[in-house]
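Fold and geometry: a report
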Amino acid sequence: MKLHFAGLTGLGWALASSGAFAQCPTALIQSPSPATFGYFGSSADLSGERMLVGTALWSSNQSHVFQRVGGQWQLQAVLSPNPGTPNLGFGEEVAIDGDYAAVSASNFFDSSVYVYERQAGVWSQVAILKTSETLNAFGNKLALDGNVLAVSAIRDDQAAVDAGAVHLFERGPTGWVAIQKLTASDGGNTDQFGTSLALQGDRLVVGALWADGAQAGSGAAYVFERQGGQWQETAKLFAADGVSGDYFSALQSVALDGDRIAVGASRADVGCSATVPNCNTGAVYLFQRSGGQWSQVQKLISPTPANWSGYGLSLAMDGALLAVGAQAEGPEAEGQIHLYRQTPAGWLLQSTVPALAIGEGGAFGVHDLDGDLVLAGSPYMDGQFVDQGGVITFSAANQGCPSLFAAPTALSLAGGGTQAFALNAGPGQAFAPYLLLGSLTGTLPGQAVDGQILPLNPDAYFFATLAGNAPLTGSVGLLDATGRAYASLVLPSGAPAILAGLTAHHAFLTIRFNGTIPSVGFTSAGAALLLVP
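Computed from a predicted model, the values in this text were never measured in an experiment. (Residues numbered from 1 in each chain as written. Predicted model: local features only at pLDDT ≥ 70, side-chain atom pairs only at ≥ 80, totals over all residues. Heavy atoms only, no water.)

Bringing the overall build of the chain into the picture now. Looking only at helices and strands, the chain features 2 helices and 41 strands. Taken over the C-alpha atoms alone, the chain extends approximately 75 × 55 × 40 Å along its principal axes. In the chain, buried positions account for 55% of the 533 residues. Considering only residue pairs separated by 6 or more positions, the chain has 56% of its internal contacts joining residues 24 or more positions apart. Per element, the accessible surface of the chain, about 20100 Å² overall, is 53% carbon and sulfur. In the chain, the 19 positive side-chain charges and the 38 negative ones have mean positions that sit 5 Å from each other. (Helix = DSSP H or I, 4+ residues; strand = E, 2+ residues; numbered from the N terminus. Buried < 20%, exposed > 50% of the residue type's maximum accessible area, 1.4 Å probe, protein only. Contact = heavy atoms within 4.5 Å. Areas by Shrake-Rupley, 256 points an atom, 1.4 Å probe, with all protein chains shown as cover. Lys, Arg positive; Asp, Glu negative; His and termini not counted. Charge placed at Lys NZ, Arg CZ, Asp CG, Glu CD.)

Rendered as structure tokens:
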């Protein structure tokens, strides 16, 4: 069947410009065994072409190693505790560096950290790390770099009640051994030293959520340096305008690269109104080391501030690139990631990546950054199961961008949900009208459209999408200045069970005009959605 689109102008659609985003998603990674409330991607870490993903589902007892081969992420190994070992909370935190990985089973009863090594292509458990103390939340946070592993225990009582500590382990000829226990020089009750960690070479940054900074309980970040084989505290950083409850250095909100440190304060009050004085919009503080001294050089606030948005709750830094997560920002409070680049004028906003552009899910935030590759997590992403979770990579340099990206790749008919699409036709299609279409009968052989192949077979669903009678939002509009747009499919809960097992495919085309005569200018690759009970 051959289609011509000369009649498009008579369909009466209103073409509207979509929101722009400058980055592109490159991959969606989901659990090979998804589960309801699986929270896959609640923790994750990158190391070059390798990724380790954990889950907050305490009963899963699994973390997954993925390897990128030929631009595609492939499951390399499933890490689990050896039989007979305590494992409650396994996968709560993960860290990976080269051929070594660490997974914590952090709980208030019998916390452990499991260490794995890859030899001859096989991952094996080589150590279980513990402390002599109990009820100290050992393994709450992990940081691994080379032969050094830092493990926090935020309820440690050595310095004071719940003052917190960080245990350092090093890999030597006899395996992984404890080498030092760090506490803050001024640790106090409930400081929770170790709420966040960042390790690079001979430098370690440790967040202490409730430590005294500019005010009592406003939070601090402690810098340690390895000198003569011993780790020494060399600086204490805090926000010059910090107040108690700012959440300075909470969760994943410290990042380190060379002489640069970023610390988030996700509950800092910025631009609050008189009616909502404690709006918790969040901020990120940048510190620079010069002449052997650390100083605060900049304060970042969200370009789209919102109350209780979590801006700064997750951070990652690599060179002059900084990724800032805001887990409750965005049109539907699904989360956003803001990318900044350091310039002679300071850290400037490069772009904002909304969760709706690369896969629906709550608490969308950043896990790691390696070069221009950003690793983001969306642990509450719905798909085949509610809150099954997922992680998404995207390119900060627009490399390897697919023409159509969709997430998630499966939805439940009973539970419903949303599949989000990121459309990328390239700058040559800037501001072109586009149309997103679908098919329930596959992509081959597809359809010849003005000399191009649209990878969709004609069927009733195809003509429904063509007529605008499908559950698609943003399926027709104008691409932005970079040739991009995003759309979504909303599957209502309680959809007919007879559809189970079908796969819906979607693709988009752009329209160009020769005078008043329209024709197809670009056709995308297809994207699939599996419908499950």
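We now examine the state of the cysteines. Applying the stated rule across the entire model yields 1 disulfide. Linked covalently through their sulfurs, Cys272 and Cys279 form a disulfide whose S-S length is 1.9 Å. Taking the sign of the S-S torsion, -70° for the link of Cys272 and Cys279, the bridge is left-handed. The class for Cys272 is partly exposed, based on a relative accessible area of 24%. (Disulfide = S-S within 2.5 Å.)

Counting 24 residues, the largest nonpolar core has Phe421 and Phe508 as its most contacted members. By residue number, the principal contributor to this core is strand 38 (residues 484–491), which donates 4 residues. By size, the runner-up hydrophobic cluster in this structure holds 19 residues, among which are Ala239, Phe248, Ile261 and Ala265. (Core = buried A, V, L, I, M, F, W, Y, C linked by side-chain atoms within 4.5 Å.)

Further remarks concern the sheet that holds strand 21 (residues 283–290). Ordered in space as 19-20-21-22, the 4 strands form an open sheet in which the pairing is antiparallel. Looking along the sheet, the strands with just one partner apiece sit at the ends: strand 19 (254–257) and strand 22 (293–300). Pairs of neighbouring strands in the sheet enclose a mean axial angle of 20°, with direction left out of account. The pairing of strand 21 with strand 22 spans 7 bridges and is classified as antiparallel. Across the sheet, residue Gln288 finds its bridge partner in strand 22, namely Ser295. (Pairing = 2+ DSSP bridges. Axes fitted to C-alpha atoms, helices over the stretch in contact; angles between N-to-C directions.)

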